[in-house]
Amino acid sequence: MKAAVWHAARDVRIAETDVPTPGPDEVLIRVAYCGICGSDLHEYANGPHAIPTTAPHPASGVTAPLILGHEFCGTVAALGSSVADLAVGDPVAIEPNYRCGTCPRCQAGDYHICRHFGFAGLMGHGGLAEYSAVPRYMAHPLPATVPLEQAALFEPASVALHALRRAEPLRGSLAVVGLGPIGLLAVLLAARRGATRIIAVDVAPARLEIAARLGATDLVDASGGADAAAAVRGLTGGEGVDVAFEVVGSQAALDTCLGATRRGGRVVLVGLAQQVRLDAFALVNNEQSIISTVGYRDTYPELIRLVADEGVDLRPVVTSTVALKDVVDQGFEALLGGGGQIKVLVDPAPDAVTTAPATHRAEAAR
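Residues numbered from 1 in each chain as written. Predicted model: local features only at pLDDT ≥ 70, side-chain atom pairs only at ≥ 80, totals over all residues. Heavy atoms only, no water.

**Side note on the pairing of strand S5 (residues 71-79)**
- Here strand S3 (residues 26-35) runs beside S5; their pairing, made up of eight bridges, is antiparallel. Bridge pairing in S5 links leucine 28 to alanine 78.
- Bridging between S5 and strand S6 (residues 91-94) involves three bridges; their strand directions are antiparallel. Each residue of the ladder has a partner; that of glycine 74, found in S6, is valine 92. (Pairing = 2+ DSSP bridges. Helix = DSSP H or I, 4+ residues; strand = E, 2+ residues; numbered from the N terminus.)

Set out below in structure tokens:
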């Protein structure tokens, strides 16, 4: 089979590898789609960050070279000898968290912060391949009413949903600072969860337009050195929002969130930043709270229900679908180079072609 294999920064190779054989408690997935995540971009651009290179990850037993991709879905191609509750051909969405099931956090139900925390596709082989073998617990069966294009978006949507849950109750107003895929999905899901005032902040007009269609009530263009925090406060009568979501991973975005949040409000850190500075004096005097969030847990059932039963469509964040052979140039490099790309899905089928829906091409060109 063909797979996108990470060897080093700027060294991802489309290689011919063996189709994996599922272990007793694993399932073999014929991958339909795999999204490219910001974490994948970091590994491609200047990794390794999470990819194990010197010692095997304790959950996967894998070291690089490693098959990337943790946002994937597909159909069951084969079953391990101990798996009896799935059938070949079943469509499934993959929740790629590794978990041991025995550490204190797993025992408490917080498997997303397992002692051996990791993801297939970052700490073990993933879904940027024609086939992928994963533990049975990662595979969520899908009803026929869930398109596989949507199921490939459950992983980033889970990050957004978990962040929203961390901030509940979502009373009053909120701001989402940074409208990449997770920020846009946070807007969509916040609207579905009853938030009445959603202020979307970004530097790209096209992303702001998408946010408006997904449920944002107000838009703030932060380009050109604009004071986005002041703009958010202006929209709230000078008070500031009840909660702000930092979905960039930068000092500027964090400063915007703190400046846009009311006294006694909360800031939720979703983006990944190595180090940030805080005005602790202002933080204390304003009695603001900073909440961190990582990964997700128990989110896939809700997302399956939202898509299958309530008609939620996650696909507006997708700007193109690329063939596996084009994943470096049309995937990683295209995302790093800007040009309007938001979420790129990869189709690993041998006959796949690279396409961009006309509506998304038009949005990206604006």
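**Some words on unusual backbone geometry**
- Proline 65 follows alanine 64 through a cis peptide bond whose omega is 5 degrees.
- Put simply, glutamate 168 and proline 169 share a cis peptide bond, and its omega is 5 degrees.
- Residue position: proline 169 is located in the loop between helix H4 (154-167) and strand S11 (173-177).
- Despite not being glycine, arginine 10 has its phi angle at roughly 60 degrees, a positive value.
- Secondary-structure assignment places arginine 10 in the loop between strand S1 (2-8) and strand S2 (11-16).
- The backbone of aspartate 298 sits at a positive phi, close to 55 degrees, despite the residue not being glycine.
- Of note, aspartate 298 is situated in the loop between strand S16 (289-292) and helix H10 (300-310).

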